Amino acid sequence: MLEGSEGLNVKKQFAVIGLGRFGGSICKSLVEEGMEVLAIDTDEEKVNEYAAIVTQAAIADSTDEKALRGLGIGNFDHVIVAIGDNIQASILTTLILDEMAVGHITVKAQNDYHEKVLNKIGAHEIVHPERDIGVRIAHNIVSENVLDYLELSDEYSIVELVAGKTIGGETIIDLDFRSKYGCNILAIKRGEDIKVSPWPEEEIKQNDVLIVIGADKDINRLENHWIDEN
Ligand code: ATP
């Protein structure tokens, strides 16, 4: 176990397996958030690169159960499996972590088949960074009004939309968002200001950023409408 803080400020302990671009960036971000991080890779060069940044770094093959036990992986709060190309190693590692009853296991999936298997063998969370970024970028390219896009499920998403030229001075009721598009405004960003759960009487100004939740088909209608109008 790594040293933890005392009392209420107990730091969560994370282990990241695989120090490619994805795993490496997770390590750096977790450290920036003040978390304790154990970084693991079979590649000595990668481990040396991260040794100075993370709490602890180890050269180990995560398909070797003994090696993982030796590192005390079973005591970690959250393990992120960021092995890319070697799908077999990713699956075997997830199985071992599940058997060790690790509290939370996040695994990077390479494709849909990989995801299906991971779902069956104990991964608590599966991420597809390349696919998700592809979807986001496509939305940003298609519509200049869409700043960001987050897929919540196969059917629902959250988008960040810029209020265009034709919008200005109208309230949420005037725009009739819910009945016209079936979408809800979660928040309005105006410069540094953010209004969460805005009142229906809230006025929307040009260049406001609206954070909207809804079904994909409704969001598409909304995006198309806003593109036509701007
Ligand atoms: P990225 O796109 O995040 O850069 P990638 O998808 O190309 O990475 P790989 O380079 O295949 O992924 O793997 C990421 C890292 O995982 C590599 O540094 C590799 O050495 C490490 N790795 C692969 N198999 C294992 C294993 N069994 N145990 C520990 N580390 C492993």
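Before reading on, note that the structure itself is shown above.
A quick note: this is a predicted structure, and the numbers were derived from the prediction, not measured.

Undergrad: Which residues make up the site of the ligand, and what values go with them?
TA: The immediate surroundings of the ligand are formed by 19 residues, with R21, F22, D41, D61 and K108 found nearest. The contact in question runs from an oxygen atom of the ligand to an N or O atom on the side chain of K46, over 3.1 Å. Backbone polar atom of S62 to a nitrogen atom of the ligand: 3.0 Å apart, as the coordinates give it. In isolation the ligand offers 640 Å² of accessible surface; the protein chains occlude 83% of this area. Partitioned by chemical class, the residues of the shell around the ligand number seven nonpolar, five polar and seven charged.

Undergrad: Break down the sheet that holds strand β13 (residues 209–215) for me, with residues and values.
TA: Taken together, the five strands give an open sheet; going across it, the order is β7-β8-β13-β10-β11, and neighbouring strands pair in antiparallel fashion. Single-partner strands in this sheet number two, and they are β7 (146–151) and β11 (193–196). This sheet shows a mean twist of 15° between the axes of neighbouring strands, independent of strand direction. Sheet analysis places strand β10 (residues 184–190) next to β11, joined by four bridges and oriented antiparallel. By the bridge assignment for β11, I188 is matched with K195.

Definitions and cut-offs
- Residues numbered from 1 in each chain as written.
- Predicted model: local features only at pLDDT ≥ 70, side-chain atom pairs only at ≥ 80, totals over all residues.
- Heavy atoms only, no water.
- Near = heavy atom within 4 Å.
- Polar contact = N/O pair within 3.5 Å; in protein donor to acceptor, adjacent residues only side chain to side chain.
- Areas by Shrake-Rupley, 256 points an atom, 1.4 Å probe, with all protein chains shown as cover.
- Nonpolar A, V, L, I, M, F, W, Y, C, P; charged D, E, K, R; others polar.
- Pairing = 2+ DSSP bridges.
- Helix = DSSP H or I, 4+ residues; strand = E, 2+ residues; numbered from the N terminus.
- Axes fitted to C-alpha atoms, helices over the stretch in contact; angles between N-to-C directions.

Shape is all these values report; function is a separate question.
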